[in-house]
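Structural overview
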Amino acid sequence: MRVPSTEKRKTVFTEAMEVFHAAADLIGLDPRVRLELEEPDYEHIFYVTASLNDRLAPLPAAEASRYDRLIESKLGPDGLVPLPDGKFILRPDALRSADLHVENGVIRLPGKGLYRIEEGQSKRFKAYRVQHNQARGPYKGGTRYHKDVSLDLFKVLAAEMTWKTAIANVPFGGGKGGIKIDPREYSLDELEAITLRYTYKLKQLIGPDLDIPAPDVGTNGTVMAWMFRQYSDGERERHTMRGIVTGKDVRIGGSEGRVKATGQGLAYCVEEWFKDKNLPIAGARMIVQGFGNVGSAAAEILASMGAKIVAVNDADGTIYNPDGIDIPALIAYVHENKDNLRRSVAGFPGAQAISKNDFWEVDCEVVLPCALGGEITAEVAQKLKAKVVAEGANGPTTPGGDEVLAARGIELIPDIIANAGGVTVSYYEWIQNKRMEHWTEAEVNARLEFAIKSNYRIIQDIAQNRPRRTPEFDSRPFVIGKPLPTRTAAMVLALKRIEAHYLIEGFSQ
Ligand code: NAD
């Protein structure tokens, strides 16, 4: 038997915490506060099970000749849900008005060919919720449905939420969770069942004043509606519980402006960066990685400010147009076109396809990573032609990437301010739910703009060692007496705001 090594290995979490430790050392963070923040308060891992529908899998060509005389079957409308791998999900209601001809489990679909019916399986999924810290308020953070999640990753993302809520100065702590699943392989009714089971198991651990989930990669307002229903099901005063999740549809208590809030906040940061440099945003070239909620909203808003989005990369392809991509047309192509099963930019007619490698080398002023973490490695950072990287995604730049960016003089707007717009408007949604109010989009955006820009200014002041008090903000308590890299400066702001709670309130025993 091999004896496990006792040597401490680097993990995604320990790597992500390097900037925490650097900032903690710089400000002489109280040692007990450091211990409190170094690991999450709670790490929940559990399993959810669900019964899946039957699948129809294309019959291998070698077997087809045996079914030459099989008559075509007719199925009810919306009975078949196409999957990216060529299979179909067979929904039970398809059978109600069906004219079925099945031979040895094989069926012929009009215009599609022969398929084998695979019996629906019961499946188990690994699920998580990490609650990192609640010194400043209830745990708060997104719900991710993705095939590459892990406890380590959720620890990183939950800790990031603690820093981000402090930077946005909203009265929340940090949490994050989700399920190890590729949601594109399941029908809506299956995802609903999986979400209900996930929420059922989470019910004792979350609450509008305890832990408030929101959408993240692979989830959206529809998933939030299911979570709200399951959490409040059967309660007499369920209307008081709308604040259990944020990112809801505006018709059921969501906030105006929430869908675009993260992209909007990112755009406000980029706007401030251009203002500082005294450069026009109109005509500036930008490349965007990820064209989901964050990437598409940021691209749309920045394009409306006159920026030229010259390349977009996502999980399934990359497109390039040196004259600027027509962003409203791309949004329609990706998000409003039912035939685009992967919801990808690949194949967009208004641009040419390029490789992911070439994407990073596109000449531009701004890189907007808005997909997953760990994308801008040292190797990628070496290729970038941009002046600034504005992090829409969580943790898109690795520590090695950071070093190369700094060495090459490429500036950085770190994630914990750049994508804080989402949680800021989530806070507005939560207040509106508590007060039973509904604010206009103009009101939401005016508050968001003030919040993001003033906290952005404080971070820039910390980074440039420039203590000052203006009518909008006071950076004097946070500036430490020497210039800092922007990411460290943002962390200094977060830690000083969190530490104040422990130092002034003390520790509960
Ligand atoms: P989404 O699921 O709506 O979109 C994700 C996008 O990333 C898709 O376009 C997908 O194709 C692309 N992508 C996935 N894997 C990729 C890969 N390997 N290479 C290139 N592209 C890839 O997710 P979202 O809500 O837009 O979130 C994107 C990022 O922003 C995440 O890091 C998330 O944590 C962060 N974030 C989101 C919010 C929010 O409000 N939604 C708030 C703060 C931070």
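**Here we look at the packing of helix H9 (residues 293–304) against helix H10 (residues 327–335)**
The interhelical angle for the contact between H9 and H10, taken along N-to-C directions, is 160°, at an axis separation of 9 Å. As far as their axial angle goes, H10 and H9 are roughly antiparallel. The hand of the H9/H10 crossing is left-handed. Contacts from Ser296, Ala299, Glu300 and Ala303 in H9 reach Ile327, Ile331 and His335 in H10. Class assignment for the residues of the contact of H9 with H10 results in four nonpolar, two polar and one charged.

**Topic: the nonpolar core**
The biggest cluster of nonpolar side chains holds 88 residues, and the ones touching the most others in it are Trp163, Met286, Leu330, Leu368 and Leu495. Setting aside residues up to four positions removed in sequence, tryptophan 163 forms contacts with Met17, Phe20, Leu37, His132, Ile416, Met491, Ala494, Leu495 and Ile498. Counting 25 residues, the second largest nonpolar core, distinct from the first, contains Val48, Phe125, Ile181 and Tyr231.

**A look at H9**
For H9, spanning twelve residues, the distance from its first C-alpha to its last is 17 Å, which sits close to the expected 16 Å at 1.5 Å a residue. By the burial criterion, the buried members of H9 are Val294, Gly295, Ser296, Ala297, Ala298, Ala299, Ile301 and Leu302. Taken together, the buried residues of H9 touch helix H8 (258–277), strand S12 (285–289), strand S13 (308–314), H10 and strand S16 (366–369). A positive phi of about 105° marks glycine 306, the residue just after H9.

**Some words on the site of the ligand**
The full set close to the ligand counts 24 residues, and Arg144, Asp216, Thr262, Ala371 and Asn394 are the nearest of them. One nitrogen or oxygen atom from the side chain of lysine 356 is found 3.3 Å from a nitrogen atom belonging to the ligand. Protein contacts shield 85% of the accessible area of the ligand, which totals 830 Å² for the unbound molecule. Mapped onto the shell around the ligand, the elements with two or more residues apiece are H8, H9 and S13. The residue inventory of the shell around the ligand, partitioned by class, reads eight nonpolar, ten polar and six charged.

**So, the sheet that holds strand S18 (residues 411–413)**
Pairing is mixed across the open sheet formed by seven strands, whose spatial order is S15-S14-S13-S12-S16-S17-S18. A strand with exactly one partner marks an edge of an open sheet, and here the two such strands are strand S15 (352–353) and S18. Here S13 runs beside strand S14 (residues 317–320); their pairing, made up of four bridges, is antiparallel. Bridge pairing in S14 places alanine 311 opposite tyrosine 320. On the sheet, H8 packs against S12, S16, strand S17 (388–390) and S18 and is oriented at approximately 145° with respect to S18.

Criteria and thresholds
Numbering of residues begins from 1 in every chain and follows the order in which that chain's sequence is written. In keeping with the model being predicted, local features are shown solely for residues with a pLDDT of at least 70 and side-chain atom pairs are shown and tallied solely at 80 or more, while totals for entire chains, interfaces and linings include all residues. Heavy atoms from the whole structure form the basis of all side-chain values; hydrogens and water molecules are not counted. To obtain an axis, a line is fitted to C-alpha atoms, over the contacting stretch when the element is a helix, and the angle between two such axes runs from 0 to 180 degrees between their N-to-C directions. Numbering of helices and strands runs from the N terminus, with a helix taken as a DSSP run of H or I at least four residues long and a strand as a DSSP run of E at least two residues long. Just so you know how the angles are binned, under 35 degrees is roughly parallel, over 145 roughly antiparallel, 65 to 115 roughly perpendicular, and the rest oblique. In this scheme the crossing of two helices becomes right-handed for a clockwise turn of the near helix relative to the far one and left-handed for an anticlockwise turn of less than a right angle. Contacts are assigned to residue pairs with any non-hydrogen atoms lying within 4.5 Å of each other. The nonpolar class holds Ala, Val, Leu, Ile, Met, Phe, Trp, Tyr, Cys and Pro. Asp, Glu, Lys and Arg form the charged class, and all remaining residues, Gly among them, are polar. Residues belong to a common nonpolar core when they are buried Ala, Val, Leu, Ile, Met, Phe, Trp, Tyr or Cys residues joined through side-chain atoms within 4.5 Å. Note on classification: 1.4 Å probe, protein chains only; a residue is buried when its accessible area is under 20% of the maximum for its type, exposed when over 50%, partly exposed between these limits. Given the number of residues in a helix, its expected span is that number minus one, multiplied by 1.5 Å. The near set for a molecule or strand comprises every residue that places at least one heavy atom within 4 Å of it. We define a polar contact as two N or O atoms separated by no more than 3.5 Å, with the added condition that, inside protein, one atom must be a possible hydrogen donor and the other a possible acceptor, whereas residues neighbouring each other in sequence contribute only through side-chain atom pairs. Here the open area of atoms and residues is found with the Shrake-Rupley method and a 1.4 Å probe, where only the protein chains shown may cover a residue. Two strands pair if DSSP finds at least two bridges between them.

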